[in-house]
Amino acid sequence: MDIIIGSTNKAKVAAVSEVFPSDKVESIKTESNVSSQPISDLETKKGAINRAIASYEYKPGSLGIGLEGGIMEIEKQTFLINWGAIYAGEKKLFVASGARIPLPEFIAEKLHEGKELGDIMDEFTKEKNIRHHAGAIGIFTNNIVKRKDMFEHVIKLAYGQYLFYGQKDLF
Ligand SMILES: O=P(O)(O)OP(=O)(O)OP(=O)(O)OC[C@H]1O[C@@H](n2cnc3c(O)ncnc32)[C@H](O)[C@@H]1O
Ligand SMILES: [Mg+2]
């Protein structure tokens, strides 16, 4: 099966390769058609779906995967959130949300100034492209759950639904 992931982010691509070790995985740049820093569940989910559909359309008949990171407020606290989507044509769209953890106040303040989380994390860790590696979730969980691990889980949640509903022909 051809698997297309709508991102060239290393953590996202590695997560897809981990879930589909025997398939041909191709990574392409796609437009999420949401802001570069989504700020709600709705916007982050939309970004994941748009990327999944664009990936499928790049190669019809494939499994298109979209993964999106974002933030949201819960009771004045800013959380890191994640969504994923798999699109396999027609009505075959499956979504799943990923882990969410609160971000420290000093990070939230910078986000409110309009900065992107990826840039803030690089500044904070004095490393480059942390979003391609451990990610914010890796940093703030002491590397127990890295960005790749988290996205792996999201992909499995969406792919499991694809298998379950696909086999039952419930569409
Ligand atoms: O190339 P793409 O696929 O766009 O990969 P990305 O790293 O930009 O990832 P997203 O667009 O899904 O994430 C939206 C923004 O949130 C940032 N972000 C999300 N999760 C993050 C994490 O765990 N660590 C660091 N930055 C993160 C990211 O850098 C973007 O600024
Ligand atoms: Mg991005």
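It should be emphasised that the depicted structure is a prediction, and the values quoted were computed from it without experimental measurement.

Analysis parameters
- All chains use their own residue numbering, which begins from 1 and follows the written sequence.
- Chain A is the first chain written and ligand 1 is the first ligand written, with later ones labelled in order.
- Reporting in this predicted model follows two pLDDT cut-offs: at least 70 for local features of residues, and 80 or more for side-chain atom pairs to be given and counted; totals over whole chains, interfaces and linings ignore these cut-offs and use all residues.
- Side-chain descriptors were evaluated using all non-hydrogen atoms of the structure, hydrogens and water having been removed beforehand.
- To be near a molecule or strand, a residue needs just one of its heavy atoms within 4 Å of it.
- Pairs of N or O atoms within 3.5 Å make up the polar contacts considered here, provided that, within protein, one atom can donate a hydrogen while the other can accept it, and that residues adjacent in sequence are counted only when both atoms are side-chain atoms.
- Methods summary: accessible areas were calculated by the Shrake-Rupley approach with a probe of 1.4 Å, and residue burial reflects only the protein chains presented.
- A 1.4 Å probe rolled over the protein chains alone gives each residue an accessible area, and that area as a share of the maximum for its type sets the label: buried under 20%, exposed over 50%, partly exposed in between.
- Helix and strand definitions here come from DSSP, where helices need a minimum of 4 consecutive H or I residues and strands a minimum of 2 consecutive E residues; each element is numbered from the N-terminal end.
- Whether two residues are in contact is decided by their heavy atoms: any pair within 4.5 Å suffices.
- Each axis is a line fitted through C-alpha atoms, taken for helices only over the stretch in contact, and angles between the N-to-C directions span 0 to 180 degrees.
- Here the word oblique covers every angle except those under 35 degrees (roughly parallel), over 145 (roughly antiparallel) and from 65 to 115 (roughly perpendicular).
- Throughout, a crossing is termed right-handed when the near helix is turned clockwise from the far one, and left-handed when it is turned anticlockwise from it by less than a right angle.
- Classification convention: Asp, Glu, Lys, Arg as charged; Ala, Val, Leu, Ile, Met, Phe, Trp, Tyr, Cys, Pro as nonpolar; all other residues, Gly among them, as polar.

**Some details on the site of ligand 1**
In step 1: As a structural note, the neighbourhood of ligand 1 is formed by 18 residues, with Ser7, Lys12, Gly69, Glu116 and Ala136 the closest of them.
In step 2: At a separation of 3.3 Å, an oxygen atom of ligand 1 approaches a polar side-chain atom of Gln37.
In step 3: Here a nitrogen atom of ligand 1 and a backbone polar atom of Ala136 are 2.6 Å apart.
In step 4: About the coverage of ligand 1: the protein hides 91% of its 580 Å² of free accessible area.

**Brief notes about unusual backbone geometry**
In step 1: Positive phi, normally seen in glycine, also occurs at Lys76, with a value near 70 degrees.
In step 2: With a relative accessible area of 78%, Lys76 lands in the exposed category.
In step 3: A positive phi angle, close to 50 degrees, is found at Glu90, a residue other than glycine.
In step 4: Relative to the helices and strands, Glu90 is located in the loop between β4 (77-87) and β5 (93-97).

**Things to note about the side chain of Ser55**
In step 1: In this fold, Ser55 is placed in helix α2 (residues 41-58).
In step 2: Once residues within four sequence positions are removed from consideration, Ser55 is found in contact with Ile4, Ile5, Gly6, Ile28, Thr30, Ser62, Gly64 and Ile65.

**Describing the packing of helix α3 (residues 105-112) against helix α4 (residues 117-125)**
In step 1: Closest axis-to-axis distance for the α3/α4 pair is 10 Å, and the angle between their directions is 135 degrees. When the axis of α3 is compared with that of α4, the two are oblique. The way α3 lies across α4 gives a crossing that is right-handed. Taking contact as the criterion, the partners of Phe106, Ile107, Lys110 and Leu111 in α3 are, on α4, Leu117, Ile120, Met121, Glu123 and Phe124.
In step 2: Of the residues in the contact of α3 with α4, the class split is seven nonpolar, no polar and two charged.

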